[in-house]
Amino acid sequence: MLSFIEILKAILFGIVEGITEWLPVSSTGHMILLNEFVHMNVSEEFWDMFLVVIQLGAILAVVLLFWKQIWPFNFTGRSKTNGIVKKDIMKMWFKIIVACIPAAVVGLLFDDILEKYLYNPITVAVMLILFGIGFILVENGHKGKRARVRSLAQLTYKDAIIIGLFQLIAAIFPGTSRSGATILGGLMIGVSRTVAAEFTFFLAIPVMLGASLLKVIRFGFAFSMAEAVILLVGMAIAFIVSVLVIRFLMGYIKKHDFKVFGWYRIVLGILVLLYFFVIKQ
């Protein structure tokens, strides 16, 4: 039987997911850490699926906000079968597919192993700190420099592959942050903050759709009514919060760098290590 407390927990997880999915601070890491203090009364199998599929709500926010930039067809005339392909958007999707390949291959082959051995608070804390340091170093190194890539059209397939390899790091190590890794990778090869963020948003669409489909298939579509409600509530809240966070982030990066997120990651990582090695002992 579904209790009101479990719905409140689903709302809380949805808020955390919506905030952290797009900020470079690791949504999966925050969800794993939150589960240490606010444990959902669900099976381990459902939790593993919930942790991934709730991100679909956040992905739908990208689809809503960037529809004109991601939809590659322009239907005109009397018949909808008269489609005209927007070549620049289609080229972008080819680059996104290329960038997705490394993480997709590793995810399909090693998903269960990675979850078993690496999806834990200690790994999260270490990766929070390491990539936090990375953001600060990269931003300091790029201070005052003009970006080589200032529009999505200027991204090459080589750029896409490099960004995809950074996404692979996030796929292996929770706490890295998928958005954080790809944005950091983009910055390192001369991509502007705005373009790196947008490409990261679009890259999340096929990645999370594929990951969510895989998780649901493995779960077996065997949802109880309570589980279905928890999942839908979490996704809906993640969607609403994501819309607000994406709008904030796109405005923020026009005037600021990512160093504040680097410092946040370092402080949070240290606190997590202190909690698990000192307080919880």
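Right, let's walk through the structure included here. None of these values were measured; they are calculated from a predicted model.

Time to look at helix α10 (residues 193-219). Counted at 1.5 Å a residue, the expected span for α10 with its 27 residues is 39 Å, and the 37 Å between its end C-alpha atoms agrees. Of all the bends in α10, the largest measures some 30° and sits at Ala-204, one to four residues before the proline Pro-206. Note on α10: the residue one or two positions beyond its end, Gly-220, has a positive phi of about 95°.

Glancing now at the packing of aromatic side chains. Throughout the structure, instances matching the rule amount to 17 aromatic pairs. Ring centres 5.7 Å apart and planes at 45° place the aromatic pair Phe-135 and Phe-258 in the tilted group. Here Phe-258 lies in the loop between α11 (225-252) and α12 (259-279) and Phe-135 lies in helix α7 (residues 121-142), a separation of 123 residues in the sequence. For Phe-135, a relative accessible area of 0% corresponds to the buried category. Its relative accessible area of 0% is what places Phe-258 among the buried residues. Look at Tyr-275 and Phe-276: their rings are 4.9 Å apart centre to centre, the planes differ by 90°, and that puts the pair in the edge-to-face class.

Although it is not a glycine, Ser-177 adopts a positive phi angle of roughly 85°. Relative to the helices and strands, Ser-177 resides in the loop between α8 (157-172) and α9 (178-188). A positive phi is found at Phe-221, a non-glycine position, where the angle reads about 55°. By secondary structure assignment, the location of Phe-221 is in the loop between α10 and α11.

Before going further, it helps to spend a moment on the nonpolar core. Soluble globular proteins tend to pack their nonpolar side chains together in the buried interior. Among the nonpolar cores identified, the biggest contains 55 residues, and Trp-22, Phe-199, Phe-201 and Phe-202 are the most heavily contacted of them. Among the elements that make up this core, the one with the highest residue count is α10 (11 residues). Leaving out residues up to four positions away in the same chain, Phe-199 has contacts with Lys-95, Ile-96, Ala-99, Leu-152, Leu-155, Ala-160 and Ile-163.

The next point concerns a nonpolar patch on the surface. Nonpolar side chains collect at one region of the surface, where Phe-94, Ile-97, Ile-101, Val-105, Leu-108, Leu-109, Phe-110, Ile-113, Tyr-117 and Tyr-157 lie side by side and expose about 1,000 Å² of accessible area between them. With respect to the element layout, Leu-109 can be found in helix α6 (residues 87-118).

This brings us to the environment of Val-105. Tracing the sequence through the fold places Val-105 in helix α6. Look at Val-105 and you get partly exposed, because its relative accessible area is 42%. Separated by 50 residues in the primary sequence, Val-105 and Leu-155 have C-alpha atoms spaced 23 Å apart.

Below, the discussion takes up the environment of Leu-184. Relative to the helices and strands, Leu-184 resides in helix α9. Given the relative accessible area of 5%, Leu-184 is considered buried. Taking C-alpha positions, Leu-184 is 41 Å from Met-225, a pair spaced 41 residues apart along the chain. In this view, Leu-184 contacts Phe-131, Gly-134, Phe-135 and Val-138; residues no more than four positions away in its chain are not counted.

Here the focus is the side chain of Thr-20. Here Thr-20 shows up in helix α1 (residues 4-20). The class of Thr-20 is buried, set by a relative accessible area of 5%. Separated by 2.6 Å, the side chain of Thr-20 and the backbone oxygen of Val-16 make a polar contact. Those residues within four positions of Thr-20 in sequence are excluded, and the remaining contacts are Val-25, Ser-26, Ser-27 and His-30.

Before going further, it helps to spend a moment on α6. The end-to-end C-alpha distance of α6, which contains 32 residues, comes to just 40 Å, noticeably less than the 46 Å that a straight helix rising 1.5 Å per residue would cover. Along α6, the largest kink reaches about 80° and is centred on Phe-110.

Between helix α2 (residues 27-37) and α12, the least distance of the axes is 13 Å, while the angle of their chain directions is 35°. Of the two possible hands of crossing, α2 and α12 adopt the one that is left-handed. Facing α2, whose interface residues are His-30, Leu-33, Glu-36 and Phe-37, α12 presents Tyr-264, Leu-268, Val-272, Tyr-275 and Phe-276.

Time to look at the packing of α6 against α8. For the pair α6 and α8, interaxial distance at closest approach is 8 Å and the crossing angle is 20°. Regarding the angle of α6 to α8, the classification is roughly parallel. For the element pair α6 and α8, the recorded crossing hand is right-handed. Of the residues in α8, those touching α6 at Lys-91, Phe-94, Lys-95, Val-98, Ala-99, Cys-100, Pro-102, Ala-103, Val-106, Leu-114 and Leu-118 are Tyr-157, Ala-160, Ile-161, Gly-164, Leu-165, Gln-167, Leu-168, Ala-171 and Ile-172. Within the contact of α6 with α8, the residues separate by chemical class into 16 nonpolar, two polar and two charged.

Reading guide: rules and limits
- In this convention, every chain numbers its residues from 1, walking through the sequence in written order.
- Local features in this predicted model are restricted to residues of pLDDT 70 or higher, and side-chain atom pairs are both shown and tallied only at a pLDDT of 80 or more, whereas totals for entire chains, interfaces and linings draw on every residue.
- As a rule here, side-chain values come from all non-hydrogen atoms in the structure, and water together with hydrogens is ignored.
- The secondary structure listing takes helices from DSSP runs of H or I that are at least 4 residues long and strands from runs of E that are at least 2 residues long, numbered from the N terminus.
- By definition here, a helix of n residues has an expected span of 1.5 Å times n minus one.
- Take the seven residues that end at a residue and the seven that start at it, fit an axis to each, and the angle between those axes is the bend at that residue.
- The rule is short: rings of Phe, Tyr and Trp, with Trp giving its six-membered ring, pair when the centres are within 6.5 Å, and they are stacked under 30 degrees, edge-to-face over 60, tilted in between.
- When accessible area is computed with a 1.4 Å probe and restricted to protein chains, residues below 20% of their type maximum are described as buried, those above 50% as exposed, and intermediate ones as partly exposed.
- The definition of a nonpolar core used throughout is a set of buried Ala, Val, Leu, Ile, Met, Phe, Trp, Tyr and Cys residues joined through side-chain atoms within 4.5 Å.
- Any two residues whose heavy atoms approach within 4.5 Å at even a single point are treated as in contact.
- Within this analysis, patches are made of residues with over 30% relative accessible area and no salt bridge. Like charges are joined at 9 Å or less; nonpolar side chains (Val, Leu, Ile, Met, Phe, Trp, Tyr) at 5 Å or less.
- In these tables, accessible area is a Shrake-Rupley quantity obtained with a 1.4 Å probe, and a residue counts as shielded only by the protein chains included in the view.
- By convention in these notes, a salt bridge is any Lys or Arg side-chain nitrogen within 4 Å of a carboxyl oxygen on Asp or Glu.
- Definition of a polar contact: a pair of N or O atoms within 3.5 Å, with one able to donate and the other able to accept a hydrogen when the atoms are protein atoms, and with sequence-neighbouring residues admitted only if both atoms are side-chain atoms.
- Lines fitted to the C-alpha atoms define the axes, with helices restricted to the stretch that makes contact. Angles between their N-to-C directions range from 0 to 180 degrees.
- Left-handed describes a crossing in which the near helix is turned anticlockwise from the far one by less than a right angle; the clockwise case is right-handed.
- Our angle categories are set so that under 35 degrees counts as roughly parallel, over 145 as roughly antiparallel, 65 to 115 as roughly perpendicular, and the remainder as oblique.
- Classification used: nonpolar for Ala, Val, Leu, Ile, Met, Phe, Trp, Tyr, Cys and Pro, charged for Asp, Glu, Lys and Arg, polar for all others including Gly.

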